[in-house]
Amino acid sequence: QVQVAESGGGLVQAGGSLKLSCVVSGSIFSVNTMAWYRQAPGKQRELVADIGSAGNSDYADSVKGRFTVFRGNAKNTYHLQMNNLKVEDTAVYLCNAKGFGSGWPGSFDSWGQGTQVTVSS
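Let me sum up the structure you'll find in this document.

Rules and cut-offs
Residues numbered from 1 in each chain as written. Predicted model: local features only at pLDDT ≥ 70, side-chain atom pairs only at ≥ 80, totals over all residues. Heavy atoms only, no water. Disulfide = S-S within 2.5 Å. Helix = DSSP H or I, 4+ residues; strand = E, 2+ residues; numbered from the N terminus. Buried < 20%, exposed > 50% of the residue type's maximum accessible area, 1.4 Å probe, protein only. Pairing = 2+ DSSP bridges. Axes fitted to C-alpha atoms, helices over the stretch in contact; angles between N-to-C directions. Contact = heavy atoms within 4.5 Å. Polar contact = N/O pair within 3.5 Å; in protein donor to acceptor, adjacent residues only side chain to side chain.

1. So, the state of the cysteines
As enumerated under the stated definition, the model contains 1 disulfide in all. At a sulfur-sulfur separation of 1.9 Å, the disulfide partner of Cys 22 is Cys 95. Given an S-S torsion of about -75°, the disulfide between Cys 22 and Cys 95 has left-handed geometry. Taken as a pair, Cys 22 in strand β3 (residues 18-26) and Cys 95 in strand β9 (residues 91-101) lie far apart in primary sequence, 73 residues in all. Here Cys 22 and Cys 95 have matching classes, each one buried.

2. Remarks on the sheet that holds strand β7 (residues 67-71)
Read from one edge of the open sheet, 4 strands run β1-β3-β8-β7, paired in antiparallel fashion. Strands with a single pairing partner mark the edges of an open sheet, and in this sheet they are β1 (2-7) and β7. Averaged over all pairs of adjacent strands, the angle between their axes in this sheet comes to 15°, without regard to strand direction. Pairing between β1 and β3: 6 bridges, direction antiparallel. Bridging from a neighbouring strand, Glu 6 pairs with Cys 22 of β3.

3. A look at the environment of Arg 71
Mapped onto the elements, Arg 71 comes out in strand β7. Residue Arg 71 is classed as partly exposed on the basis of its relative accessible area, which comes to 36%. Expressed as a C-alpha distance, the spacing of Arg 71 and Ile 51, which sit 20 residues apart in the sequence, is 8.4 Å. If we ignore the near neighbours within four places in the chain, the residues touching Arg 71 are Ile 51, Gly 52, Ser 53, Ala 54, Gly 55, Thr 77, Tyr 78 and His 79. A polar contact is formed between the side chain of Arg 71 and the backbone oxygen of Gly 52, at a distance of 2.9 Å.

4. Details of the pairing of strand β11 (residues 115-120)
Side-chain alternation along β11 places Thr 115, Val 117 and Val 119 on a buried face and Gln 116, Thr 118 and Ser 120 on a face that remains uncovered. In terms of strand pairing, β9 meets β11 through 3 bridges, oriented antiparallel. Across the sheet, residue Ala 91 finds its bridge partner in β11, namely Val 117.

5. Considering unusual backbone geometry
Of note in this structure, Asn 76 is not a glycine but carries a positive phi near 60°. Structurally, Asn 76 is set in the loop between β7 and β8 (77-82). Assessed through its relative accessible area of 17%, Asn 76 is described here as buried. Despite not being glycine, Asn 84 has its phi angle at roughly 50°, a positive value. With respect to the secondary-structure elements, Asn 84 resides in the loop between β8 and β9.

6. As for the environment of Ser 27
Within the secondary structure, Ser 27 is located in the loop between β3 and β4 (28-39). Distance in space between the C-alpha atoms of Ser 27 and Gln 1 is 5.9 Å, their sequence separation being 26 residues. Once you skip the residues sitting within four places of it in the chain, Ser 27 turns out to touch Gln 1, Val 2, Gly 101 and Ser 102.

This is the structure we're talking about:
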């Protein structure tokens with residue numbers, strides 16, 4: 001089984017910064033893609049950023065130039081550095097990991113519970 005856990009959310013003023021963390025643990029052979037999503041009240045879940053096993057990353061237009069996704073020093077740890085935060089960035093941020101586990105059923109597509117980010121004006 002694979003577990004995903006996010007941390008680092010909180011309350012910050014507009015223009016401030018936060019760094020989110022995502023730890024993927026369990027019987028893992030490889031994490032192929034790790035993605036950050038967010039969901040605000042009354043809105044659909046949207047992809048914020050993702051990073052592949054080769055280190056290639058992609059971002060939603062709304063966060064380009066402000067957010068950076070990168071691997072942490074610890075194995076299967078990922079971060080989302082969020083700078084120049086805006087009120088419209090307020091949402092629950094969720095981590096999604098896809099890859100292959102070392103046991104049955106092989107592949108996994110796992111979600112964390114999310115961490116709340118609130119940006120005040």
